[in-house]
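Observations on the three-dimensional arrangement
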Amino acid sequence: MAKELVPIGTTATDPRPGDFILCHRKGLASKLIRAGEYVHERQGAVVSHAAFIETPTTLIEALTRGVVRTPLEDYQDIEYWIMRTGLPPLDRYQAVAFAQSCVGQKYGFVVIFGVALRYLTWGEGLWFGMNGTEICSGLVGQTQVRSWANYPVNPATITPAGLWRYYS
């Protein structure tokens with residue numbers, strides 16, 4: 001696993017299906033994630049958003065409006081890290097197929113509530129979720145378990161900072 005910083009004004013070189021990006025976005029959900037990471041880890045989050053690379057030009061991501069496809073070029077005004085997973089072809093196929101099956105699902109507000117509660121109570125075994133909903137990092141985390149990833153938390157509830165720590 002390698003990571004590459006993609007500066008503002010540029011696009012990642014050779015993004016591959018199965019890779020993902022991590023970044024900071026400007027929005028209420030990202031601000032809450034950063035605050036939660038600070039409370040939980042006593043340090044600011046390196047990242048607050050994750051998006052899955054479906055094709056070299058297309059992302060699949062969970063935003064507060066739901067799981068959508070987004071052109072990678074939409075991220076040219078944001079500094080981001082591309083996380084190169086090195087998934088073998090069959091695993092890439094399975095990861096992409098899972099992400100595609102999530103397009104159109106609703107945002108996982110209940111999951112975010114559960115993650116916040118976990119942060120506030122340090123209840124590592126506690127989580128909430130609803131079928132048919134996703135959060136950004138949970139979507140990415142679940143794509144990676146189609147291969148070798150084995151997280152210390154439920155992949156549907158992993159945070160962007162959790163992905164950062166896991167892949168660092």
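Above this note sits the structure.
Residues numbered from 1 in each chain as written. Predicted model: local features only at pLDDT ≥ 70, side-chain atom pairs only at ≥ 80, totals over all residues. Heavy atoms only, no water.

Two elements, strand S4 (residues 58-63) and strand S5 (residues 66-71), share six bridges in a ladder whose sense is antiparallel. Considered in S5, the bridge of Ala62 is made with Val67. (Pairing = 2+ DSSP bridges. Helix = DSSP H or I, 4+ residues; strand = E, 2+ residues; numbered from the N terminus.)

With respect to the helices, strands and loops of the structure, Glu54 is situated in strand S3 (residues 49-55). As a C-alpha pair, Glu54 and Arg16 span 38 residues in sequence and 7.7 Å in three-dimensional space. Look past the residues within four positions of Glu54 in its chain and what remains in contact with it is Pro17, Leu59, Ile60, Arg69, Val96 and Gln100. At 2.8 Å, the side chain of Glu54 and the side chain of Gln100 are in polar contact. (Contact = heavy atoms within 4.5 Å. Polar contact = N/O pair within 3.5 Å; in protein donor to acceptor, adjacent residues only side chain to side chain.)

Grouped together as the largest cluster of nonpolar side chains are 28 residues, with contacts concentrated most on Phe20, Leu22, Leu163 and Tyr167. Mapped onto this core, the elements with two or more residues apiece are strand S2 (20-23), S3, S4, helix H2 (89-102), helix H3 (109-121), helix H4 (136-144) and helix H5 (160-166). In terms of residues, this core owes the most to one element, H2, which gives five residues. Once residues lying within four places of it in the same chain are set aside, the contact partners of Leu22 are Val47, His49, Ala50, Tyr80, Trp81, Met83, Pro160, Leu163 and Trp164. In this structure, Val6, Ala51, Leu72 and Ile78 belong to the second largest nonpolar core, which totals 12 residues. (Core = buried A, V, L, I, M, F, W, Y, C linked by side-chain atoms within 4.5 Å. Buried < 20%, exposed > 50% of the residue type's maximum accessible area, 1.4 Å probe, protein only.)

Right, let's talk about the environment of Val140 for a bit. Following the sequence through the fold, Val140 ends up in helix H4. Sequence separation of Val140 and Leu22 is 118 residues, and the distance between their C-alpha atoms is 10.0 Å. Once residues within four sequence positions are removed from consideration, Val140 is found in contact with Phe20, Ala50, Ala51, Phe52 and Leu163.

Time to look at the sheet that holds S5. Within the open sheet, the six strands sit side by side as S1-S6-S2-S3-S4-S5. Their pairing is antiparallel. Two strands close off the open sheet at either side, each with one partner strand: strand S1 (2-6) and S5. Going from strand to strand, the sheet's axes swing by 30 degrees on average, the running direction of each strand aside. Where S1 lies against strand S6 (residues 80-84), five bridges are found, and the strand directions are antiparallel. Within the sheet, the bridge partner assigned to Ala2 lies in S6 and is Arg84. Against the sheet, H2 makes contact with S3, S4 and S5, and its axis sits at roughly 110 degrees relative to S3, the strand it touches most. The strands touched by H4 within the sheet are S2, S3, S4 and S5, with S3 carrying the most contacts at an inclination of about 50 degrees. (Axes fitted to C-alpha atoms, helices over the stretch in contact; angles between N-to-C directions.)

Time to look at the environment of Asn131. Within the secondary structure, Asn131 is located in the loop between H3 and strand S8 (133-134). The class of Asn131 is exposed, set by a relative accessible area of 82%. Put simply, Asn131 and Gly108 are 23 residues apart on the chain and 9.0 Å apart in space, counted from C-alpha to C-alpha.

What follows concerns the packing of aromatic side chains. Here the structure, examined in full by the defined rule, presents nine aromatic pairs. Seen in terms of ring centroids, Phe20 and Tyr167 are 5.3 Å apart; in terms of plane orientation they differ by 70 degrees. Their pairing is edge-to-face. Of the two residues, Phe20 sits in strand S2 while Tyr167 sits in the segment after H5, which places them 147 residues apart along the sequence. What makes Phe20 buried here is its relative accessible area of 0%. Between Tyr75 and Tyr80, the aromatic rings sit 6.2 Å apart at their centres with planes inclined by 85 degrees, giving edge-to-face as the arrangement. There is no split in this pair, since Tyr75 and Tyr80 are both buried. The ring of Trp81 has Lys3 lying over it, and the distance from NZ or CZ to the ring centre is 5.8 Å. (Phe/Tyr/Trp six-rings, centres within 6.5 Å; stacked < 30°, edge-to-face > 60°. Lys NZ or Arg CZ within 6 Å of the ring centre and 35° of its normal.)

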